[in-house]
Amino acid sequence: DELFSAVEKPIYAIAFLAGIWFGIDVLIINESILIHINKLLFAFILFILFFPIHRITNILINYWLGKYTRRIRITLDEKLLPVLNRVVKIIYFILLILFILRLYQVDVGPLLASLGIAGLAVGLALQDTLKNVFSGQSLFLISLSGLETA
């Protein structure tokens with residue numbers, strides 16, 4: 001039931017944009033303007049698809065992780081689920097931006113390579129700080145799980 005409610009409104013919006021898309025194809029418009037309008041409508045469709053895909057993923061993560069944590073009897077789900085949902089949303093948003101940039105024929109390869117190199121440089125520079133951050137996060141997750149350390 002939650003899955004159907006997650007996709008109901010975006011389906012109407014996509015049908016509306018598809019109608020506009022087919023209507024514009026019938027009109028006699030300059031070819032370069034038609035290409036830009038088609039790219040813009042496709043970017044809108046991608047943006048509209050972002051929300052139901054994210055909501056469906058959240059529903060499935062909540063269901064499966066909740067089922068798993070109930071089975072092994074830990075209270076990890078109420079504090080870890082919002083963090084996990086936020087991480088998934090950020091990943092989906094980055095992918096959406098990359099798809100839209102690729103639609104407008106922006107070469108994202110050099111951008112990703114430079115971000116990787118910059119991330120490596122920052123990671124090496126902040127190695128001790130990141131070590132402390134990750135050990136703090138592991139202590140936080142251990143305290144959430146109810147497991148005791150030896």
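Structure shown above.
Quick summary incoming for the structure in this document. Just so you know, these numbers come straight off a predicted model, no measurement behind them.

Thresholds applied
Residues numbered from 1 in each chain as written. Predicted model: local features only at pLDDT ≥ 70, side-chain atom pairs only at ≥ 80, totals over all residues. Heavy atoms only, no water. Helix = DSSP H or I, 4+ residues; strand = E, 2+ residues; numbered from the N terminus. Buried < 20%, exposed > 50% of the residue type's maximum accessible area, 1.4 Å probe, protein only. Areas by Shrake-Rupley, 256 points an atom, 1.4 Å probe, with all protein chains shown as cover. Salt bridge = Lys/Arg side-chain N within 4 Å of Asp/Glu carboxyl O. Contact = heavy atoms within 4.5 Å. Phe/Tyr/Trp six-rings, centres within 6.5 Å; stacked < 30°, edge-to-face > 60°. Core = buried A, V, L, I, M, F, W, Y, C linked by side-chain atoms within 4.5 Å. Patch = residues over 30% accessible without salt bridge, like charges linked within 9 Å, V, L, I, M, F, W, Y side chains within 5 Å. Expected span 1.5 Å × (residues − 1).

### Section: the overall build of the protein chain
So, point 1. Along its length, the protein chain carries five helices and zero strands.
So, point 2. Reading the helices (α) and strands (β) of the protein chain from amino to carboxyl end gives α-α-α-α-α.
So, point 3. Out of the 150 residues in the protein chain, the part that is buried amounts to 22%.
So, point 4. A total of about 11,200 Å² of accessible surface is found on the protein chain, and carbon and sulfur atoms cover 72% of it.

### Here's the deal with the pattern of salt bridges
So, point 1. Enumeration over the complete set of coordinates arrives at one salt bridge.
So, point 2. Between Lys 131 and Asp 128 there is a salt bridge; the shortest N-O distance is 3.8 Å. Of this pair, Lys 131 and Asp 128 are both found in helix α5 (residues 127–145), three residues apart, which corresponds to roughly one turn of the helix. Exposure class is identical for Lys 131 and Asp 128. Each is exposed.

### A look at unusual backbone geometry
So, point 1. A positive phi is found at Gln 105, a non-glycine position, where the angle reads about 60 degrees.
So, point 2. Considering the arrangement of structural elements, one finds Gln 105 in the loop between α3 (77–103) and α4 (109–125).
So, point 3. A relative accessible area of 65% places Gln 105 in the exposed class.

### Regarding the side chain of Thr 57
So, point 1. Its location among the elements puts Thr 57 in helix α2 (residues 31–72).
So, point 2. Taking relative accessible area as the criterion, Thr 57 reaches 17% and is therefore assigned buried.

### Concerning the side chain of Asn 85
So, point 1. By secondary structure assignment, the location of Asn 85 is in helix α3.
So, point 2. The residues contacting Asn 85, other than those within four sequence positions of it, are His 54, Asn 58, Ile 61 and Asn 62.

### Regarding the packing of aromatic side chains
So, point 1. Under the defined criterion, the tally for this structure stands at four aromatic pairs.
So, point 2. Seen in terms of ring centroids, Trp 21 and Phe 42 are 6.3 Å apart; in terms of plane orientation they differ by 65 degrees. Their pairing is edge-to-face. One end of the pair, Trp 21, is in helix α1 (residues 2–26); the other, Phe 42, is in helix α2, and 21 residues separate them in sequence.
So, point 3. Joined through ring pairs, the aromatic side chains of Phe 47, Phe 50, Phe 51 and Phe 93 make up one cluster.

### Remarks on the nonpolar core
So, point 1. By size, the foremost hydrophobic cluster in this structure holds six residues: Leu 17, Ile 24, Leu 34, Leu 41, Ile 45 and Ile 48.
So, point 2. Those elements that provide at least two residues to this core are α1 and α2.
So, point 3. With four residues, the top contributor of residues to this core is α2.

### Section: the environment of Phe 42
So, point 1. Its relative accessible area of 33% is what places Phe 42 among the partly exposed residues.
So, point 2. For Phe 42 and Ile 14, which are 28 residues apart along the polypeptide, the C-alpha to C-alpha distance reads 9.8 Å.
So, point 3. Residues contacting Phe 42, with those up to four places away along its chain left out, are Trp 21 and Leu 103.

### Comments concerning a nonpolar patch on the surface
So, point 1. A contiguous nonpolar patch, built from Val 83, Val 87, Ile 91, Leu 95 and Phe 99 and spanning about 430 Å² of accessible area, is present on the exposed surface.
So, point 2. With respect to the helices, strands and loops of the structure, Phe 99 is situated in helix α3.

### What to know about α1
So, point 1. With 25 residues, α1 should cover 36 Å at 1.5 Å per step; its first-to-last C-alpha distance of 38 Å lies within 8% of that length.
So, point 2. Listed as buried for α1 are Ala 6, Pro 10, Leu 17 and Ile 24.

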